[in-house]
Amino acid sequence: MLAYPSNERKHTKKMATQREKEAADYLKKHKIIELMDNLTSMLFFYRPENPREFLIEQLEQLKMSQQCGVKGPSLFNNSNLDAAFGILDPTNQKYITFAQYKQALITLGIKDINECPEGVNEDRISCETFTTEANQGLQKCSATYEQP
C-alpha cells in the first residue's frame, strides 16, 4: 500500500472537494438534475416502446420550446388538469378556494406560484384560472433552460 504524506492527502482531498463543487455548480447552472428528473418521469409515465426515440423527441420539443416559445414537454395536459380540478370541486361549484389552488399547484411540483390569481379576493378560483396558472407553472418547471 502506498503511503502519502499527510499534506499530500489533504491536497488530494481538497482537489476532490473542489472538483465536486465545480461539478455540482455545473449541474445546477445547466439544470441537469431537473432535466433528467423530467425525462425519467416521462419515461415511467408514458412507457414508450422505443425509449431512446422518445427521449430524442422530448429533447427536440424542449429545444423548440426554448427557441420559439412553444409549449415544452410536460406530464400534464389540460384534461389532466381538468380532472385534478374536478377532484378539488366534487360538488361542481365551478370554483375552488385559494388554499386548494395553492396546494394543488405545489402537489404538481410548481414552486413559483402566482399568489394573486384571478378570483383570489373572493377566494373563488375558477377552472380556467387554475388551468392557466398550472400550465404556466408547469411550463416553467419543465423548461430546463435559461428563461427571460
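Residues numbered from 1 in each chain as written. Predicted model: local features only at pLDDT ≥ 70, side-chain atom pairs only at ≥ 80, totals over all residues. Heavy atoms only, no water.

Please explain unusual backbone geometry as it appears in this structure.
Negative phi characterises most residues that are not glycine, and trans characterises most peptide bonds. With a phi angle near 55°, Asn92 is a residue other than glycine that sits in the positive phi range. Secondary-structure assignment places Asn92 in the loop between helix H4 (78-88) and strand E1 (95-96). (Helix = DSSP H or I, 4+ residues; strand = E, 2+ residues; numbered from the N terminus.)

Explanation requested: the nonpolar core in the structure shown.
One recurring pattern in soluble globular proteins is that nonpolar side chains are buried together. Ranked by internal contacts, the top residues of the largest apolar core, which has 14 residues, are Leu81, Ile96, Tyr101, Leu105, Leu108, Ile110 and Phe130. Among the secondary structure elements, those contributing two or more residues to this core are H4, helix H5 (98-107) and helix H6 (127-142). At four residues, the largest contribution of residues to this core is made by H5. Ignoring sequence-local partners within four residues, the contact set of Tyr101 consists of Ile96, Ile113, Asn114, Pro117, Ile125, Phe130 and Glu133. Formed by five residues, the second largest nonpolar core is a distinct cluster that contains Leu35, Met42, Phe54 and Leu62. (Core = buried A, V, L, I, M, F, W, Y, C linked by side-chain atoms within 4.5 Å. Buried < 20%, exposed > 50% of the residue type's maximum accessible area, 1.4 Å probe, protein only. Contact = heavy atoms within 4.5 Å.)

Which parts of the structure should I look at to understand the pattern of salt bridges?
Should their charged atoms come close, side chains of opposite charge can pair. Scanning the entire structure with this criterion turns up three salt bridges. Residue Lys21 is joined to Asp25 by a salt bridge in which the shortest nitrogen-to-oxygen separation is 2.9 Å. Of this pair, Lys21 and Asp25 both sit in helix H1 (residues 6-29), separated by four residues, roughly a single helical turn. Judged by its relative accessible area of 39%, Asp25 falls in the partly exposed class. Between Lys140 and Asp112 there is a salt bridge whose closest N-O contact spans 3.6 Å. With Lys140 in helix H6 and Asp112 in the loop between H5 and strand E2 (125-126), the pair connects residues that are 28 residues apart, well separated along the chain. Using a relative accessible area of 45% as the deciding quantity, one classes Lys140 as partly exposed. Exposure remark for Asp112: the relative accessible area of 55% places this residue in the exposed category. (Salt bridge = Lys/Arg side-chain N within 4 Å of Asp/Glu carboxyl O.)

Looking at this model, I keep getting lost on the packing of helix H2 (residues 32-46) against helix H3 (residues 51-68). Mind explaining?
For any two helices packed against each other, the geometry comes down to the angle between their axes and how far apart the axes lie. With their axes 11 Å apart at the nearest point, H2 and H3 run at an angle of 130° to one another. When the axes of H2 and H3 are compared, the pair comes out oblique. For the crossing formed where H2 meets H3, the hand is right-handed. Here H2 contributes Leu35, Leu39, Met42, Leu43 and Tyr46 to the contact with H3, which in turn contributes Pro51, Phe54, Leu55, Gln58, Leu59 and Leu62. Residue classes in the contact of H2 with H3 are distributed as 10 nonpolar, one polar and no charged. (Axes fitted to C-alpha atoms, helices over the stretch in contact; angles between N-to-C directions. Parallel < 35°, antiparallel > 145°, perpendicular 65-115°, else oblique. Left-handed = near helix turned anticlockwise from the far one by under 90°. Nonpolar A, V, L, I, M, F, W, Y, C, P; charged D, E, K, R; others polar.)

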